[in-house]
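# Reading the structure
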Amino acid sequence: MRARIDINAPQAELNIKAAKRMHLKVVGYDNRIRVLSRRVQARIEIWGCDNTLELEDDCVLPPDSFICIGAPDCPAHHCRIHIGRSSSFDSDFEMRLMENGSEINIGSECMVAAHVRMWCTDTHAILQDGKVVNVGRSITIGDHVWVGLNVYFSKNSGVGNQCIVGWGSLVTRTFTEDNCVIAGNPAAIVKRGVEWQRTRPNSFAHPEEEYPGFRVGGDATYALGRLQLRLRMALYRFKMNLYSNPIKQRKYRLLTEDINARLAHGRGKEQSL
């Protein structure tokens, strides 16, 4: 399926290297679009001139995600969106900019859950003494940030690197501190000195903590059982050398150590008999 492209902009610069399932609409002049990931399927609309959209390699944006600069009744100019390498977004993600010169920057290796909103705008003006006081300027997300379900980022907000934004939070200001858990409505720092990985918590459990029904079969007190365990250990050693991912290497190393321990225990039990 090829990209669905509707461009009413003779001077638009369109550079899509790999995205083939996007729904893209651009109305304006001198807009620059750079998409390097094959996994971008989002609906993207740009209404205005001199805007920039950059999606780096290996970004993931599902078909029901929506990125919008401006609107038919309110074009926005000189805006910028940048999403870093290997950042992924779950279903029903939405991003909007409607003020001239506003921008959203998302770092690399971020993980954004479903139903997240990043609106760098209130869409309507608030006036004080005849001046607009609610102009949207930026939203900034650092590198390797995990954003939970149903999180909302308002205009002029952001978080630092290696942070976690808790489920259902409303982020209304900028947090510059790194390695924090940010949660609440409005959001605040609730924990410091944390880091996170995409792997499941069970990946860090020692194999002997696993449910027995999922452990490697083979009774080490019998010759056939020991043979089964040694064959399984050879397979795990092969996989440990095959993968470059340190998490997978650690997993197979722990499984190999578990089998070694069971073999040693089986030999000791056999000798005691």
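Shown above is the structure to which this text applies.
Below: a short report on this structure. From a predicted model like this one, the values you see are computed outputs, not experimental measurements.

## Observations regarding the layout of surface pockets
Empty space within the second largest pocket amounts to approximately 300 Å³. Around the second largest pocket, the lining is made up of 13 residues, and of these Ser86, Glu109, His144, Trp196 and Arg198 lie nearest the centre. Its residues assigned to classes, the lining of the second largest pocket shows three nonpolar, six polar and four charged.

## Focus: the environment of arginine 32
For arginine 32, the position within the fold is in strand 4 (residues 32-35). Residue class for arginine 32 comes out partly exposed when judged on its relative accessible area of 30%. Linking arginine 32 and threonine 52, residues 20 residues apart in sequence, is a C-alpha distance of 4.8 Å.

## Quick word on the pairing of strand 4
With burial as the criterion, only one face of strand 4 is covered, namely that bearing Ile33 and Val35; the residues Arg32 and Arg34 on the opposite face remain uncovered. Examined bridge by bridge, strand 4 and strand 6 (residues 52-55) share four bridges and lie parallel to one another. From the neighbouring strand, arginine 34 faces strand 6, where its bridge partner is glutamate 54.

## A short note on the packing of aromatic side chains
By convention here, two paired aromatic rings are described through the distance between centres and the angle between planes. Inspection of the entire model under this criterion finds four aromatic pairs. A ring pair is formed by tryptophan 146 and tryptophan 196, whose centres lie 5.7 Å apart and whose planes are at 45 degrees; its orientation type is tilted. Within this pair, whereas tryptophan 146 is found in strand 17 (residues 146-147), its partner tryptophan 196 is found in the loop between strand 23 (187-192) and helix 1 (223-242), the two being separated by 50 residues in sequence. Feature note: the residues Tyr236, Tyr243 and Tyr252 constitute an aromatic cluster, connected by ring pairs. Over the ring of phenylalanine 66 we find arginine 43; its NZ or CZ atom is 3.9 Å from the centre of that ring.

## Observations regarding the side chain of threonine 256
Examined against the element boundaries, threonine 256 turns out to sit in helix 2 (residues 246-272). For threonine 256, a relative accessible area of 6% translates into the label buried.

## Let's talk about helix 1
With 20 residues, helix 1 ought to run about 28 Å at 1.5 Å a step, and its terminal C-alpha atoms sit 29 Å apart, in line with that. For helix 1, the full list of buried residues reads Gly225, Arg226, Leu229, Met233, Tyr236 and Met240. Within helix 1, the buried residues cover an arc of 90 degrees as seen down the axis, which keeps them to one side. Every exposed residue of helix 1 that faces more than 90 degrees away from the buried side is listed here: Ala223, Leu224, Leu231, Phe238, Asn241 and Leu242.

## Quick word on unusual backbone geometry
Of the consecutive residues asparagine 185 and proline 186, the connecting peptide bond is found in the cis state with omega at 0 degrees. Non-glycine residue histidine 144 carries a positive phi angle of around 55 degrees. Note on histidine 144: relative accessible area 16%, which makes it buried. The backbone of glutamine 162 shows a phi angle near 55 degrees, a positive value even though the residue is not glycine. Mapped onto the elements, glutamine 162 comes out in the loop between strand 19 (157-159) and strand 20 (164-165). For glutamine 162, a relative accessible area of 23% corresponds to the partly exposed category.

## Observations concerning the sheet that holds strand 9 (residues 88-89)
Pairing within the open sheet is mixed, and its six strands lie in the order 9-12-17-20-22-23. Each of the sheet's edge strands pairs with one partner strand only, and the pair in question is strand 9 and strand 23. Where strand 17 lies against strand 20, two bridges are found, and the strand directions are parallel. In the sheet register, valine 147 faces strand 20, and the bridge partner there is valine 165.

## Notes on the pairing of strand 7 (residues 66-69)
Taking every second residue as pointing to the same face, both faces of strand 7 are buried, with Phe66 and Cys68 on one and Ile67 and Ile69 on the other. Relative to strand 10 (residues 94-97), strand 7 runs parallel, the two sharing four bridges. Counted as the bridge partner of isoleucine 67 is methionine 95 from strand 10.

Conventions adopted
Residues numbered from 1 in each chain as written. Predicted model: local features only at pLDDT ≥ 70, side-chain atom pairs only at ≥ 80, totals over all residues. Heavy atoms only, no water. 1 Å grid on protein atoms, 1.4 Å probe; cavity = no way out; pocket = protein on both sides within 12 Å on 5 of 7 lines; lining within 4 Å. Points joined across faces, edges and corners; volume = space filled by probe spheres on them. Nonpolar A, V, L, I, M, F, W, Y, C, P; charged D, E, K, R; others polar. Helix = DSSP H or I, 4+ residues; strand = E, 2+ residues; numbered from the N terminus. Buried < 20%, exposed > 50% of the residue type's maximum accessible area, 1.4 Å probe, protein only. Pairing = 2+ DSSP bridges. Phe/Tyr/Trp six-rings, centres within 6.5 Å; stacked < 30°, edge-to-face > 60°. Lys NZ or Arg CZ within 6 Å of the ring centre and 35° of its normal. Expected span 1.5 Å × (residues − 1). Arc of directions from axis to C-beta.

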